[in-house]
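# Inside the fold
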Amino acid sequence: MIGVYKKELKAYFSTPTGYVFMGFFLLIAGFFFAISNLFPMVANYNGMLGNLTFIFLIVVPILTMRLLAEEMRQKTDVLLLTSPLSVGEMIIGKYFAAVTVFLITLLITCMYPVMMSFFGDIAVWEIIGGYVGFFLLGSTFIAIGLFISSLTDNQVIAAVVTFSVLLLLWVMDALQSVVPTDIVSGVVFASALVAAVAIWLYSAARNIYVSLVAAIAGGAVIAGLYIANKDIYTGFIGKVLAWFSLLNRYNEFSLGILSLSPIVYYITFSAAFVFLTIRNIEKKRWS
């Protein structure tokens with residue numbers, strides 16, 4: 001894993017990718033810091049970080065589009081798949097390399113609150129909490145981009161799809177206010193989720209019986225919950241969308257609150273997408 005990590009980290013700085021990512025990130029961050037804190041002499045640094053989160057929509061596709069798509073395009077993924085390394089070590093090494101580039105860039109921005117400290121007192125622990133949340137949010141987005149990069153051998157497609165998925169997650173809170181909340185819609189949505197899981201199981205295992213068992217079991221659970229308490233499906237779509245709202249959980253960090261729940265959520269979300277990436281590559285190894 002260490003070998004893959006070093007190779008990927010070196011690749012970021014031997015190609016324009018790392019410099020483009022860092023340059024664009026620091027340019028936008030510097031601009032926001034200047035207009036939000038420096039010129040108006042405002043000490044609310046976490047407010048600037050919160051406004052800056054939109055930058056992930058642009059920079060994460062740049063950072064992750066080449067991670068696996070480029071390997072498949074150049075056919076060097078065959079060498080990786082036949083190497084003594086496990087797929088897990090390979091993917092985790094690539095993920096940590098991307099996260100390291102992001103962390104280095106984020107650490108450079110620490111000079112902004114240091115500059116603010118020259119003009120007065122700053123809320124140090126509140127800013128640290130904001131940075132922790134910002135880092136965890138960015139790492140989660142990187143895990144999603146890594147997974148999408150494993151689905152195609154075209155970097156442009158990987159970047160566009162990553163941007164689209166992150167944009168969808170970005171507007172998740174807004175979607176909660178427009179989706180239907182009636183019971184029938186909740187049951188239909190739950191059934192669609194079960195069908196999606198069954199289809200995914202079939203694509204992963206290529207076993208129709210496994211997917212059928214999953215579909216039947218899921219249908220039975222939906223029916224059982226409806227009989228026991230059908231009101232559970234009231235607002236069900238909004239509840240599911242709320243679970244996928246990454247930005248909503250960042251709010252506590254923006255206030256400088258280090259709560260265990262959102263930290264575990266971000267780490268779990270990232271681990272889930274890294275795991276899905278590993279499973280996707282393993283499927284290619286044995287296909």
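Since the structure is predicted, the reported quantities are computational estimates derived from the model, not experimental observations.

## Focus: the overall build of the protein
Within the protein, the secondary structure is distributed over 16 helices and 0 strands. The principal-axis extent of the C-alpha atoms belonging to the protein is close to 65 × 50 × 30 Å. Looking at the protein as a whole, 41% of its 287 residues are labelled buried. Looking at the protein alone, contacts between residues at least 24 apart form 80% of all its contacts between residues at least 6 apart. Put simply, the protein shows about 14500 Å² of open surface, and 74% of that area lies on carbon and sulfur atoms. Charge separation in the protein, taken as the distance between the mean sites of 15 positive and 13 negative side-chain charges, equals 11 Å.

## Here's the deal with the domain arrangement of the protein
Partitioning the protein into domains gives domain 1 (2-178 + 243-284) and domain 2 (183-234). Between the C-alpha centres of domain 1 and domain 2 the distance comes to 32 Å.

## Thoughts on the pattern of salt bridges
Inspection of every chain in the model, using the stated rule, returns 2 salt bridges. Between glutamate 8 and lysine 7 there is a salt bridge, with the nearest N and O atoms lying 3.4 Å from each other. Given a relative accessible area of 46%, lysine 7 falls into the partly exposed group. Between lysine 94 and glutamate 8 there is a salt bridge; the shortest N-O distance is 2.6 Å. Placement of the pair is lysine 94 in helix α7 (residues 87-108) and glutamate 8 in helix α1 (residues 2-14), with a sequence separation of 86 residues. Under the relative-accessibility criterion, lysine 94 is labelled buried at 1%. Here glutamate 8 falls in the buried class, since its relative accessible area comes to 1%.

## Description of the packing of helix α2 (residues 16-38) against α7
Running from amino to carboxyl end, α2 crosses α7 at an angle of 35 degrees, the nearest separation of the two axes being 10 Å. Classified by chirality, the crossing of α7 by α2 is right-handed. Contacts from Phe21, Met22, Phe25 and Leu26 in α2 reach Val101, Phe102, Ile104, Thr105, Leu106 and Ile108 in α7. When its residues are assigned to classes, the contact of α2 with α7 shows 9 nonpolar, 1 polar and no charged.

## As for the side chain of threonine 152
Mapped onto the elements of the fold, threonine 152 is located in the loop between α9 (124-149) and α10 (155-170). Among the polar contacts listed, one links the side chain of threonine 152 to the backbone nitrogen of asparagine 154, at a separation of 3.1 Å.

Basis of the calculations
Residues numbered from 1 in each chain as written. Predicted model: local features only at pLDDT ≥ 70, side-chain atom pairs only at ≥ 80, totals over all residues. Heavy atoms only, no water. Helix = DSSP H or I, 4+ residues; strand = E, 2+ residues; numbered from the N terminus. Buried < 20%, exposed > 50% of the residue type's maximum accessible area, 1.4 Å probe, protein only. Contact = heavy atoms within 4.5 Å. Areas by Shrake-Rupley, 256 points an atom, 1.4 Å probe, with all protein chains shown as cover. Lys, Arg positive; Asp, Glu negative; His and termini not counted. Charge placed at Lys NZ, Arg CZ, Asp CG, Glu CD. Domains from an automatic or database assignment. Salt bridge = Lys/Arg side-chain N within 4 Å of Asp/Glu carboxyl O. Axes fitted to C-alpha atoms, helices over the stretch in contact; angles between N-to-C directions. Left-handed = near helix turned anticlockwise from the far one by under 90°. Nonpolar A, V, L, I, M, F, W, Y, C, P; charged D, E, K, R; others polar. Polar contact = N/O pair within 3.5 Å; in protein donor to acceptor, adjacent residues only side chain to side chain.

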